[in-house]
Amino acid sequence: MSMKSLFLVGLTFIILSGLQAQKKQLCFNADGKFKIVQITDTHYNHENPKCDLAIQMIEQVLDVEKPDLVVFTGDIAMSSDMSLAWEKVTAPVVRHQIPWTFVLGNHDAERWATKEKIFDIIDEIPYCIAERGKEKVSGMGNYVLPVWNKNNSKVAALIYCLDSQEYAQKKGVGKYGWFAFDQIRWYQKMSDKWIKSNDDVPLPALAYLHIPLPEYKAAWENETIKPVGVRDEKICSPELNTGMYAAMLLQGDVMGVFAGHDHVNDFVGDYNGIALGYGRFSGGTNTYGNHTNGVRVVVLKQNQRKFDTWIREKDGVVKYKTCCPLSKL
């Protein structure tokens, strides 16, 4: 076989492997666990050497944690060449052959690319399982990922990925955007569908988004259940509360919600039994904040409505390891 033929065979194998990876079914491992690493707010620009710290940290974390899924929760790539920036920031995940997904932040489509263009870019990157959303609702990238049990016989958990919008849609009502009513109805519809499929029992679920819900303030101020982690800046939620948290509480499936956005907040708190938490700022020294960059790790447990979580910083430091739901004082 000629060198050219060998090259074409190898290229075909790589392409097919990538397509197979995109279709990979998420499932609990043989121990009945499913590990998620959340990466947030990298603000990655391939032309800025201050961003390299983010790539180094991601490599370290994936080597140690070996997650089943990586979730990027917004404000990830910011560069005049968005395709190259996304290729660079996801390269460690691709090298580790880990399925990964993504939700939009307020800065992702602010200047360098439209939402549509961003999804065009990430659709071409191996192991990406993000979706634009199969139904027409506000924003882009509202979807739910099923996690199958260790026997691959039934869905055992859900991961909701939500576009928390960018900036206030009405003048004079704060700075940041809020969930539209059709997004909340979409969530309720999806939740109802999965509850019905599970003999009318809500499946354990997590939700990932960028901008924290307004209820994060109540979780931080909870005097009965002490939050774990720190709040070193104001919680930058939308001023208008359209009811996404209330919908999750009443549906009964979501156990925890995880956001990014606020670079020096990393706490997880409790509000009416739902864990409301942040990831850990994952970027380099190109943006604000004095926290060591890192990630949040979440480990789901099959057939249990609880999960373990912790922060892993660059160079291996583990902080704030806890089990949710959090215990009362």
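Keep in mind it's a predicted model, so treat the numbers as computed, not measured.

1. Digging into the overall build of the chain
Reasoning step 1: Along the backbone of the chain there are 7 helices and 12 strands.
Reasoning step 2: For 329 residues, the compact-globule estimate of 2.2 N^0.38 gives 20 Å, and the C-alpha radius of gyration of the chain, at 19 Å, lies within 12% of that figure.
Reasoning step 3: In terms of principal-axis extent, the alpha carbons of the chain reach across some 70 × 45 × 40 Å.
Reasoning step 4: Nonlocal contacts in the chain, meaning residues at least 24 apart in sequence, comprise 71% of its contacts between residues at least 6 apart.
Reasoning step 5: Summed over its atoms, the accessible surface of the chain is roughly 14,800 Å², and 52% of this surface lies on carbon and sulfur atoms.
Reasoning step 6: Of the side chains in the chain, 38 bear a positive and 38 a negative charge, and the two mean positions are spaced by 3 Å.

2. A short note on the pattern of salt bridges
Reasoning step 1: Tallying each qualifying case throughout the model produces 14 salt bridges.
Reasoning step 2: The partner of E221 in a salt bridge is K217, with the nearest N and O atoms 2.8 Å apart.
Reasoning step 3: A single network of salt bridges, built from pairs that share partners, joins D266, R280, E313 and K319.

3. Overview of the layout of surface pockets
Reasoning step 1: Taken as a whole, the largest pocket encloses approximately 410 Å³ of empty space.
Reasoning step 2: If you go around the largest pocket, you meet 21 residues; those closest to its centre are E131, K134, V144, L145 and P146.
Reasoning step 3: Sorting the residues of the lining of the largest pocket by element identifies strand 4 (143–148) and helix 5 (181–197) as the ones contributing at least two each.
Reasoning step 4: Per element, the largest residue contribution to the lining of the largest pocket is 5 residues, and it comes from strand 4.
Reasoning step 5: Along the lines of polarity and charge, the residues of the lining of the largest pocket split into 11 nonpolar, 4 polar and 6 charged.

4. Re the sheet that holds strand 12 (residues 318–324)
Reasoning step 1: Strand order in this open sheet of 6 strands is 3-2-1-10-11-12, and the pairing throughout is mixed. The open sheet is flanked by strand 3 (100–103) and strand 12, the only strands paired with a single partner. Along the sheet, successive strands turn relative to each other by an average axial angle of 20 degrees, direction set aside.
Reasoning step 2: Pairing geometry for strand 11 (residues 307–313) and strand 12, over 5 bridges, is antiparallel. Across the sheet, residue T309 finds its bridge partner in strand 12, namely T322.

5. Some details on helix 3 (residues 82–95)
Reasoning step 1: For helix 3, built from 14 residues, the straight-helix expectation of 20 Å at 1.5 Å per residue is met to within 8% by its first-to-last C-alpha distance of 20 Å.
Reasoning step 2: Taken together, the buried positions of helix 3 are M82, A85, W86, V89, T90, A91, P92 and V93.
Reasoning step 3: Contact partners of the buried residues in helix 3: helix 2 (52–65), strand 2 (69–73), strand 3 and helix 4 (115–123).
Reasoning step 4: Phi turns positive one or two residues past the end of helix 3, at Q97, with a value near 55 degrees.

6. Considering unusual backbone geometry
Reasoning step 1: Here the residue pair C324 and P325 is connected by a cis peptide bond, since its omega of 5 degrees sits within 30 degrees of zero.
Reasoning step 2: Although it is not a glycine, K66 adopts a positive phi angle of roughly 50 degrees.
Reasoning step 3: Within the fold, K66 resides in the loop between helix 2 and strand 2.
Reasoning step 4: With a relative accessible area of 61%, K66 lands in the exposed category.
Reasoning step 5: Here D315, not a glycine, exhibits a phi torsion of approximately 70 degrees, which is positive.
Reasoning step 6: Within the secondary structure layout, D315 lies in the loop between strand 11 and strand 12.
Reasoning step 7: The exposed category is assigned to D315, whose relative accessible area is 57%.

7. Quick look at the packing of helix 3 against helix 4
Reasoning step 1: It is at 10 Å that the axes of helix 3 and helix 4 come closest, and there the two elements cross at 45 degrees. By the criterion of interaxial angle, the relationship of helix 3 to helix 4 is oblique. Classified by chirality, the crossing of helix 4 by helix 3 is right-handed. Contacts between helix 3 and helix 4 involve M82, S83 and W86 on the former and, on the latter, I118, I121 and I122.
Reasoning step 2: Here the contact of helix 3 with helix 4 is composed, by residue class, of 5 nonpolar, 1 polar and no charged.

8. So, empty space enclosed by the protein
Reasoning step 1: Counted according to the given criterion, the structure contains 3 cavities of 30 Å³ or more.
Reasoning step 2: Of the voids in this model, the largest cavity is the one considered here, and its volume is about 50 Å³.
Reasoning step 3: Lining the largest cavity are W178, F179, L213, P214, P238, L240, N241, T242, G243 and M244.
Reasoning step 4: When grouped by side-chain class, the residues that make up the lining of the largest cavity number 7 nonpolar, 3 polar and no charged.

Cut-offs and rules
Residues numbered from 1 in each chain as written. Predicted model: local features only at pLDDT ≥ 70, side-chain atom pairs only at ≥ 80, totals over all residues. Heavy atoms only, no water. Helix = DSSP H or I, 4+ residues; strand = E, 2+ residues; numbered from the N terminus. Rg over C-alpha atoms; globule rule 2.2 N^0.38 Å. Contact = heavy atoms within 4.5 Å. Areas by Shrake-Rupley, 256 points an atom, 1.4 Å probe, with all protein chains shown as cover. Lys, Arg positive; Asp, Glu negative; His and termini not counted. Charge placed at Lys NZ, Arg CZ, Asp CG, Glu CD. Salt bridge = Lys/Arg side-chain N within 4 Å of Asp/Glu carboxyl O. 1 Å grid on protein atoms, 1.4 Å probe; cavity = no way out; pocket = protein on both sides within 12 Å on 5 of 7 lines; lining within 4 Å. Points joined across faces, edges and corners; volume = space filled by probe spheres on them. Nonpolar A, V, L, I, M, F, W, Y, C, P; charged D, E, K, R; others polar. Pairing = 2+ DSSP bridges. Axes fitted to C-alpha atoms, helices over the stretch in contact; angles between N-to-C directions. Expected span 1.5 Å × (residues − 1). Buried < 20%, exposed > 50% of the residue type's maximum accessible area, 1.4 Å probe, protein only. Parallel < 35°, antiparallel > 145°, perpendicular 65-115°, else oblique. Left-handed = near helix turned anticlockwise from the far one by under 90°.

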